[in-house]
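Results of the structural survey
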There are 2 protein chains.
Amino acid sequence: MQDLELNTDAYLPLRDVVFNTLREAILRGDLKPGERLMELQLAAKLGVSRTPIREAIRMLQQEGLAVTIPRRGAEVAGMTEKDMEDVLQIREALEILAVQLASEKVTDEQVDELAEKVKAFEEVLKTKDIKQIAQADIDFHDVIYTAADNPKLLGMLNNLREQIYRYRVEYLKDEKNYPRLIEEHQQILDGLRRRDKAYVAEMTRTHVDNQANAVKNIIRRQE
Amino acid sequence: MQDLELNTDAYLPLRDVVFNTLREAILRGDLKPGERLMELQLAAKLGVSRTPIREAIRMLQQEGLAVTIPRRGAEVAGMTEKDMEDVLQIREALEILAVQLASEKVTDEQVDELAEKVKAFEEVLKTKDIKQIAQADIDFHDVIYTAADNPKLLGMLNNLREQIYRYRVEYLKDEKNYPRLIEEHQQILDGLRRRDKAYVAEMTRTHVDNQANAVKNIIRRQE
DNA sequence: TTGTATTTTTTTGTATACAACGTTGATTCT
DNA sequence: AGAATCAACGTTGTATACAAAAAAATACAA
C-alpha cells in the first residue's frame with residue numbers, strides 16, 4: 001500500500017469518504033488481496049479516527065471487497081479462479097436481463113445516446129489509454145443499464161463490475177480484441193434499435209462470454 | 001417496535017449479533033418500513049453501546065434493509081411496487097441461472113435430498129403453520145442453490161429472498177396456491193432428475209412468475 | 001393567532017479511552 | 001535442542017465523551 005489520500009470535496013460523512021477511498025484503492029490494485037486493513041494504520045494514513053475507518057470496513061465487507069475475521073481484523077478479499085467464474089456466470093445472467101429489459105423500454109433518445117457511446121468507444125480505442133477505454137466501455141453499458149430502468153439491477157451490475165474490474169483492465173489492454181469489441185457493441189446497438197429482444201440477448205451473451213473467457217485466462221496465467 | 005432481545009449464544013462480535021437481531025426484526029415486520037433506527041434508543045434496548053449499533057446499521061444499509069441519510073440517521077427501507085418488481089425480475093433471472101447450473105452439476109444424492117424436501121414441503125402444508133411452510137420452501141430451494149455450486153449466487157439469492165420475505169409470507173398463507181406449488185416443486189425435481197436444463201429453466205420461470213404476480217397483488221392491495 | 005427568532009433538546013458524527021484477546025518472542029524446564 | 005510457559009506488545013472490540021448539526025420547543029412581535 002502506498003499513498004492513500006482523502007478526497008475531501010463536498011460534505012460527506014467521513015465513513016463514506018473513507019469507504020470510497022478504500023474501494024478505489026482496492027480496485028486500482030493499490031491495496032492487494034490479502035493485505036491487512038489495520039484500523040490504526042489506516043486512520044493515521046487518512047488523518048481520521050478509527051470510527052469512520054471501522055464503519056467503512058463494515059461496508060466494504062458487505063460489498064465483498066474485504067473479509068473480516070473477528071478479533072483479527074479485515075483484509076482485502078482475494079479471488080480464486082472459481083470465485084471469478086461464479087461472478088462471471090452471475091454477471092452474464094444479469095447483463096442479459098438488463099439488455100432484454102432495455103430492448104423493451106429503450107427510448108429513441110437513448111438509442112441515439114448509445115450510438116454516440118459506440119462511436120466514442122471506437123475513438124478512444126485509438127488512444128490506447130486503458131483508463132479511458134475502460135471508462136468508455138462502462139459508459140456504453142451504463143446507457144443500457146439505465147434504459148433497463150431497474151435501479152436495483154444497476155446497483156448489482158455495478159458491484160459485479162467492481163469485482164471484475166482489476167482483471168478486465170488486462171483484457172482491455174490486448175489490442176487484438178478491439179475489432180471484435182467494436183463489432184459486438186455495434187450489434188447490440190443495432191439490436192436495440194430494432195427492439196429485437198432475442199437478438200440482443202444472444203449478442204450480449206457472446207459479448208460477455210468472450211470477456212469471461214479472457215478474464216479467466218488472465219487469472220490462470222497469474223497463478 | 002417491541003421487544004428486541006439479544007441472541008447471545010456463541011462468541012460473535014456484538015455488531016454481528018445486533019445485525020442479525022435487527023435484520024430478523026425487519027424481516028419479521030417488528031420494525032416497519034420508515035421506522036427510524038435511532039442509535040441511542042437501540043443501544044439502550046439491546047443493552048450495548050452505540051458503536052456496535054452503528055456498525056450493524058452500516059451493514060444493514062449495504063444489504064438494502066435500511067437507508068441512511070447523513071445527519072438524520074437510518075430508517076428501515078420501504079418498498080414500492082416498482083421496487084418489488086425490480087427485485088422480482090432479478091430474482092427470476094438468478095433463480096433460473098441457479099436451476100440451470102444445478103441441472104449440470106447435481107449429484108444423485110442431491111436429487112434424493114430434493115425429493116425429501118418436496119415431500120416434507122407437502123407434509124408441512126397440512127399443518128398450516130406459515131413459519132414452517134416458509135422454511136420448508138426455503139429448504140427446497142436451498143438444495144438447488146447448493147447444487148448450483150456457486151456461493152456468490154447463493155448469497156445473492158438469499159439476499160433477494162430477504163427483500164421479498166415479508167410479502168411472500170402472505171402468498172404462502174393462501175391455501176388455494178398449495179396444489180400448484182406442490183406440482184411445480186415436483187416438476188422441477190423431475191426435471192433435475194433427468195438433468196433436463198431447458199425444462200427446469202421453464203418450470204422455474206413459471207414457478208417464480210406465479211409467486212411474483214401474487215406478491216405484486218399483495219403489495220397493490222396494501223397501498 | 002400566526003409567523004419568526006431564539007433557545008433547548010435530541011441525535012448523529014467523530015475522537016478517544018480502556019478492556020480483552022491474540023500473537024510473538026523470550027525464558028525456562030525437560 | 002525442543003517444547004511449554006509466560007510476558008510484552010499490537011490489534012480489535014466496546015464504551016464513552018465531546019462537538020456539530022438538525023429538530024423541536026419556546027418566546028416574542030405583529
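Here's a quick rundown of the structure.

Here's the deal with the sheet that holds strand β2 (residues 66-69) of chain B
Overall, antiparallel pairing links the three strands, which are arranged β1-β3-β2 (chain B) in an open sheet. Two strands close off the open sheet at either side, each with one partner strand: β1 (36-37) and β2 of chain B.

Here we look at the side chain of N150(A)
Assignment of secondary structure puts N150(A) in the loop between α6 (130-148) and α7 (151-173). Among residues more than four places away in sequence, those in contact with N150(A) are L101(A), K82(B), D86(B), Q89(B) and I90(B).

Overview of the packing of aromatic side chains
A complete count under the given rule lists zero aromatic pairs over all chains for this structure. Over the face of the ring belonging to Y199(A) we find R194(A), whose NZ or CZ atom lies 4.7 Å from the ring centre.

Focus: the pattern of salt bridges
One side chain can pair with another of opposite charge once the charged atoms of both are near each other. Residues and elements named next belong to chain A. Here the structure, examined in full by the defined rule, presents 48 salt bridges over all chains. In this structure, D30 engages R28 in a salt bridge whose closest nitrogen and oxygen atoms are separated by 3.1 Å. Exposure remark for D30: the relative accessible area of 17% places this residue in the buried category. R28 sits in the partly exposed class, given a relative accessible area of 46%. A salt bridge links D108 to R195; the shortest N-O distance between them is 3.0 Å.

A look at the interface of chain B and chain A
With 32 residues of chain B at the interface, the matching set in chain A holds 32 residues. Both sides of the chain B and chain A interface together cover about 2,800 Å² of buried area, and 58% of this is carbon and sulfur. One can count six salt bridges joining chain B with chain A. The salt bridge involving R58(A) is made with E55(B); its shortest N-O contact spans 2.7 Å. In this structure, the connection of chain B to chain A is made through 12 residue pairs in polar contact (both at pLDDT 80 or more). Among the elements of the structure, α1 (14-28), α3 (50-63), α4 (81-105) and α7 (151-173) of chain B are those that each provide at least two residues to the side of chain B that touches chain A. For the side of chain B that touches chain A, the element with the highest residue contribution is α4(B), accounting for nine residues.

With respect to unusual backbone geometry
The backbone of R195(A) sits at a positive phi, close to 55 degrees, despite the residue not being glycine. Tracing the sequence through the fold places R195(A) in the loop between α8 (178-193) and α9 (197-222). In this model, K128(B) sits at a positive phi of 60 degrees, which is unusual for a non-glycine residue. Within the secondary structure, K128(B) sits in the loop between α5 (108-127) and α6 (130-148).

About the cut-offs
Sequence order as written defines the numbering, with residues in each chain counted from 1. In the order they appear in the text, chains get letters beginning with A and ligands get numbers beginning with 1. Given that this is a predicted model, residues contribute local features only at a pLDDT of at least 70 and side-chain atom pairs are listed and counted only at 80 or more, while totals for whole chains, interfaces and linings are drawn from all residues. Computation of side-chain values covers all heavy atoms of the structure but excludes hydrogens and water. Following DSSP output, two strands are said to pair if at least two bridges run between them. Segments assigned H or I by DSSP are reported as helices when at least four residues long, segments assigned E as strands when at least two residues long, and all are numbered from the N terminus. Contact definition: two residues touch when any of their heavy atoms are within 4.5 Å. Each pair of aromatic rings taken from Phe, Tyr and Trp, with Trp reduced to its six-membered ring, is defined by centres within 6.5 Å and is described as stacked if the planes are under 30 degrees apart, edge-to-face if over 60, and tilted in the remaining cases. We count a charge as sitting over a ring when the NZ of a lysine or the CZ of an arginine lies within 6 Å of the ring centre and within 35 degrees of the ring normal. What counts as a salt bridge is simple: a side-chain nitrogen of Lys or Arg found within 4 Å of a carboxyl oxygen of Asp or Glu. For the exposure calls, accessible area comes from a 1.4 Å probe over protein chains only, and a residue counts as buried if that area is under 20% of its type's maximum, exposed if over 50%, partly exposed in between. A simple way to read buried area is as the amount of 1.4 Å-probe accessible surface that goes missing from two parts once joined, with both sides added. Nitrogen and oxygen atoms within 3.5 Å of one another constitute a polar contact, given that in protein one can donate a hydrogen and the other can accept it, and given that sequence-neighbouring residues count only through two side-chain atoms.

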